[in-house]
Amino acid sequence: MEQQLTAPQPERKKRIFSGIQPTGVMTLGNYLGAVRNWAQLQEDYDCTYCIVNMHAITVRQEPAKLRKNTLDAYALMLACGIDPEKSIAFIQSHVRTHAELAWVLNCYTQFGELSRMTQFKDKSAKHADNINAGLFDYPVLMAADILAYQADLVPVGIDQKQHLELARDIAIRFNNLHGNVFTVPEPYIPKAGAKIMSLQEPTKKMSKSDENVNAFITILDDEDTIIRKFKRAITDSEAEVVYREGKDGINNLMNIYSVITGKSYDDIAKEFEGKGYGDFKLAVGETVADALKPVRERFAALQADKSYLESCYRHGAEQALAISARTLDKVYKKIGFLQ
Ligand code: TYM
């Protein structure tokens, strides 16, 4: 019998990449749809998480505010449980490979593909005075973020699914031309919480850029604010806490309550049988406030320790560069750039 000369290699952990924009305080939607899951995934995957400040400038930003928001977003990411000892946590503009790879991938992406992106259409309607090339090209930079790390999985909310599909198409197209250079990433969208809706217009997703502050919860809102916003949430004229088509407001609140408590919709309906919406909204508000309290406390502590934050994001950038530069080198070689 042939002798085995090398010990069997342990299966490598799958790689995860995801990012969030530093354009204001993270909402409950960002938290439940993405960042909360990022923290849970750290145990079983090799995770890389990024504050995408280069994406943020596709919409005009005030420089001093962007600088502050970027550091706050980084601190908030750690406050949500991303552990820089377990995961790579960095800031996009600190790692040059993202922009460099994006340029190459631009040449493998069609104008027509980018024109079909719904987020581009929405954002160009909203910022009609500034439909810049970066806004159009946004999904290619996102593809570069993901492909540079050879990510297997990308945990995002549903609104990023189309961008993810484009990243896959770009990877497959490049691989077909140049051999297996990129891992083709899969979206990792949670069953519950992937689309948290506005509290004021529950057919629209919850967004931090909403003009009505009552429409969204930020994860730094204090308990009173959270409870007040839930009390004002738009529901319907019935008085039955049950998940049903046409009850968008109640469905959204049940979704939020269910994601945080782990209770099923049936259990929630039973819990609030015979009670009015007032009791239900208060319970949702209190549950959300309790869940976010430790995040708020950790954030305050981290914000007070700028040198710790700096050491984390510097280290994260070094780790991120080491991995992504390997991919970029391979890409440059494959496409014929002189070494
Ligand atoms: P961003 O900053 O808009 O949102 C960050 C994450 O939060 C999710 N999300 C939501 N989930 C549920 N309900 C909501 N109402 C809600 N609003 C936002 C988003 O789906 C996202 O997962 N383009 C990305 C950032 C990015 C990125 C990447 C993501 C840049 N490069 C590479 C993954 C991989 C964005 O603008 O997310």
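Residue positions within a chain follow its written sequence, with the count starting from 1. Only residues with pLDDT of 70 or above have their local features reported here, since the model is predicted, and side-chain atom pairs are shown and tallied only from 80 upward, although totals for entire chains, interfaces and linings are computed over all residues. Side-chain descriptors were evaluated using all non-hydrogen atoms of the structure, hydrogens and water having been removed beforehand.

- The protein chain is annotated in an unreviewed UniProt entry as Tryptophan--tRNA ligase of uncultured Anaerotruncus sp.
- UniProt positions are given in the numbering used here, feature names are shortened, and annotations may be inferred rather than shown by experiment. What UniProt states about the protein chain under its Sequence similarities (unreviewed entry) heading is, verbatim, "Belongs to the class-I aminoacyl-tRNA synthetase family."
- The record held by UniProt for the protein chain lists under Function (unreviewed entry) the comment "Catalyzes the attachment of tryptophan to tRNA(Trp)."

Focus: the site of the ligand
Stage number 1. Working definition: residue near molecule or strand if any one of its non-hydrogen atoms lies within 4 Å of it. Inspection of the region around the ligand gives 25 residues, with Tyr 138, Asp 145, Gly 157, Asp 159 and Ile 196 positioned closest.
Stage number 2. Contact distances for the ligand include 3.2 Å between a nitrogen atom and a backbone N or O atom of Gly 29.
Stage number 3. Within 3.5 Å is the distance limit for a polar contact, defined as a pair of N or O atoms, with the added protein rule that one can donate a hydrogen and the other accept it, and that residues adjacent in sequence qualify only through two side-chain atoms. Residue Tyr 138 places a side-chain N or O atom 2.6 Å away from an oxygen atom belonging to the ligand.
Stage number 4. In these tables, accessible area is a Shrake-Rupley quantity obtained with a 1.4 Å probe, and a residue counts as shielded only by the protein chains included in the view. For the ligand, whose free accessible area comes to 710 Å², the fraction covered by protein is 97%.
Stage number 5. Here a strand is any run of E in DSSP of at least two residues, a helix any run of H or I of at least four, and the numbering for each starts at the N terminus. Elements represented by at least two residues in the shell around the ligand include exactly β1 (15-20), α1 (28-41) and α7 (133-148).
Stage number 6. Here the shell around the ligand is built from residues that sort into 12 nonpolar, 10 polar and three charged. When residues are grouped by polarity, Ala, Val, Leu, Ile, Met, Phe, Trp, Tyr, Cys and Pro land in nonpolar, Asp, Glu, Lys and Arg in charged, and all others, Gly among them, in polar.

Here we look at helix α10 (residues 248-261)
Stage number 1. How far a helix is expected to stretch is found by multiplying one less than its residue total by 1.5 Å. Here α10 spans 20 Å end to end across 14 residues, near enough to the 20 Å set by a 1.5 Å rise per residue.
Stage number 2. Relative accessibility decides the category of a residue: with a 1.4 Å probe and only protein chains considered, values under 20% of the type maximum give buried, values over 50% give exposed, and everything between is partly exposed. α10 sits mainly inside the fold: 11 of its 14 residues count as buried.
Stage number 3. Every buried residue of α10 is accounted for by Gly 249, Ile 250, Asn 251, Asn 252, Leu 253, Met 254, Asn 255, Ile 256, Tyr 257, Ser 258 and Val 259.
Stage number 4. Among the structural elements, α1, α9 (223-231), α11 (265-271) and α12 (277-303) are those in contact with the buried residues of α10.
Stage number 5. Gly 262 occupies a position one or two residues after α10 and carries a positive phi of about 80°. Any pair of residues with heavy atoms lying within 4.5 Å of one another is described as a contacting pair.

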